[in-house]
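Examining the three-dimensional arrangement
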Amino acid sequence: MLRAEGVCAGYGTGDVLTGIDVIVEPGTVTALVGANGAGKTTLLKTLTGLLRPRRGRVVADGRDVTELSCSARVRGPRIVMVPEGRQIFGSLSVEENLALGAWTGRDGSNWDLVWELFPALTEVRARPAGLLSGGQQQMVALGRGLLAAPRYLLLDEPSLGLAPLVVDSIFERIRLLAGTGIGVLVVEQNATVALAAAERGYVVEGGRIADEGTDLLDKPELVARFFGTRGVIRGRAAGLGGQLWRR
Ligand SMILES: Nc1ncnc2c1ncn2[C@@H]1O[C@H](COP(=O)(O)OP(=O)(O)OP(=O)(O)O)[C@@H](O)[C@H]1O
């Protein structure tokens, strides 16, 4: 499993995370939700090695990886991040963008998995990625992450800027990714969708874990904090969807 243990981290002289514990199990989806600026991306950065924690540690499969660089974490414990905003190279083809993820040389059968999970990409594989829809670009970003052969895949706001139906389809794919044994940590402001797709959820507020568990959508006061009372109704509906997704 991948663990953040008592992680404190920040930028300059300010602390953003003030003691965070999070666990990501292989073969499951874990959701990390919270408002703008709560510290979600900062936690992902400390897990991938983009940012060193000031206190606490990052442990992957029993090994302390806190001092490892980003690339060493991809090659060793296979911690891979799909960044916010997709970061696609618009002038490169879909296939060229995907191939960028294959730098570890472990891509092997994951190419088949990418085409299987994202069949829509087969038809546009030679097209410049900048011409794709937002949903297709998100599929490219996920596929590129998959080609780095992750054991742990960290997704930063995969729903950003996508229509609700496209978001549902992306989260279905995320569940399938977890079904292959990958531990997925998904950071989202779209809390109901992420929690519905996840076995376990964490709420980050002000750099701390304010709540965690397997039943966060059953807590109306929590959902209302994010979305108001309309969110409670949506949350219940999404929770039902989440149950159906689970194996
Ligand atoms: N490179 C940076 N330098 C200084 N401060 C930063 C930097 N990156 C983020 N911050 C600050 O850290 C705090 C947490 O940011 P973070 O991006 O982790 O939040 P978040 O929960 O992911 O929110 P968002 O959804 O807006 O990305 C914010 O106050 C932000 O302004």
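Here is what the cut-offs are and how they apply
- Residues numbered from 1 in each chain as written.
- Predicted model: local features only at pLDDT ≥ 70, side-chain atom pairs only at ≥ 80, totals over all residues.
- Pairing = 2+ DSSP bridges.
- Helix = DSSP H or I, 4+ residues; strand = E, 2+ residues; numbered from the N terminus.
- Axes fitted to C-alpha atoms, helices over the stretch in contact; angles between N-to-C directions.
- Buried ≥ 20, exposed ≤ 12 C-beta atoms within 10 Å, placed from the backbone.
- Contact = placed C-beta atoms within 7 Å.
- pLDDT = per-residue confidence, 0-100.
- Near = placed C-beta within 6 Å.
- Nonpolar A, V, L, I, M, F, W, Y, C, P; charged D, E, K, R; others polar.
- Domains from an automatic or database assignment.
- Core = buried A, V, L, I, M, F, W, Y, C linked by C-beta atoms within 7 Å.

**Here we look at the sheet that holds strand β6 (residues 79–82)**
Either a parallel or an antiparallel arrangement is found when strands of a sheet pair, and the pairing is made through backbone hydrogen bonds. Strands sit in the order β6-β7-β8-β3-β9-β10 across an open sheet of six strands; the sheet is mixed. Two strands in the sheet have a free side with no partner beyond their single neighbour: β6 and β10 (208–213). Averaged over all adjacent pairs, the angle separating strand axes in this sheet is 20°, with direction ignored. Examined bridge by bridge, β6 and strand β7 (residues 152–156) share four bridges and lie parallel to one another.

**What to know about the environment of Ala 129**
Mapped onto the fold, Ala 129 is located in the loop between α4 (110–117) and α5 (134–146). With 24 C-beta atoms packed within 10 Å, Ala 129 lands in the buried category. In the structure, Ala 129 is positioned 114 residues away from Asp 15 in sequence and 37 Å away in space, judged by C-alpha atoms. Those residues in contact with Ala 129 that sit more than four places away from it in its chain are Ile 88, Phe 89, Gly 90, Leu 92, Ser 93, Val 94, Asn 97, Gln 137 and Val 140.

**Considerations on the confidence of the model for the protein chain**
Here the protein chain averages 88 in pLDDT, and 91% of its residues register 70 or above. This model gives residues 231–247 a pLDDT under 50, and the stretch forms 24 contacts once residues within four places in sequence are excluded. Note on the complex model: pTM 0.90, ipTM 0.95.

**Considerations on the site of the ligand**
Within the structure, the ligand sits among Tyr 11, Val 16, Gly 34, Asn 36, Gly 37, Ala 38, Gly 39, Lys 40, Thr 41, Thr 42 and Gln 189. The leading source of residues in the shell around the ligand is helix α1 (residues 40–48), at three residues. Looking at the shell around the ligand residue by residue, the class counts come to three nonpolar, seven polar and one charged.

**Things to note about unusual backbone geometry**
For Arg 86, which is not glycine, the phi torsion reads 75° and is therefore positive. Topologically, Arg 86 is positioned in the loop between β6 and α3 (94–100). The phi dihedral of Gln 87 is positive, around 50°, even though this residue is not glycine. By secondary structure assignment, the location of Gln 87 is in the loop between β6 and α3.

**Some details on the domain arrangement of the protein chain**
Per the domain assignment, the segments of the protein chain are domain 1 (2–78 + 150–227) and domain 2 (85–148). Inter-centroid distance (C-alpha atoms) of domain 1 to domain 2 is 22 Å. Across the boundary between the two partners, domain 1 contributes 15 residues, which contact twelve residues of domain 2. For the side of domain 1 that touches domain 2, the secondary-structure elements that each account for two or more residues are α2 (70–75) and α6 (164–179). Examining the composition of the side of domain 1 that touches domain 2, we find that six residues originate from one element, α6, more than from any other. Within the side of domain 1 that touches domain 2, the residues separate by chemical class into ten nonpolar, three polar and two charged.

**A look at the nonpolar core**
Ranked by size, the top nonpolar core spans 70 residues in total, and within it Ile 174, Val 184 and Val 186 carry the most contacts. Among the domains, domain 1 (2–78 + 150–227) and domain 2 (85–148) are the pair contributing at least three residues each to this core. Excluding residues that lie within four positions of it along the chain, Val 186 makes contacts with Val 29, Ala 31, Leu 155, Pro 158, Ile 174, Ala 194 and Ala 198.

**Considering the pairing of β10**
Pairing geometry for strand β9 (residues 200–205) and β10, over five bridges, is antiparallel. Paired with Gly 201 across the strands is Gly 213, a residue of β10. Here β9 folds back onto β10, and the loop between the two strands holds two residues, one of which, Gly 206, carries a positive phi near 55°.

**So, the sheet that holds strand β2 (residues 14–24)**
In space, the four strands of this open sheet follow the order β2-β1-β4-β5, with antiparallel pairing throughout. Both outer strands of the open sheet, β2 and β5 (63–64), are each paired with one neighbouring strand and no more. In this structure, strand β4 (residues 55–60) lies alongside β5, joined through two bridges in antiparallel fashion. Each residue of the ladder has a partner; that of Val 59, found in β5, is Asp 64. The sheet contacts of α1 involve β1 (2–11), β2 and β4, and relative to β1 the element is tilted by about 115°.

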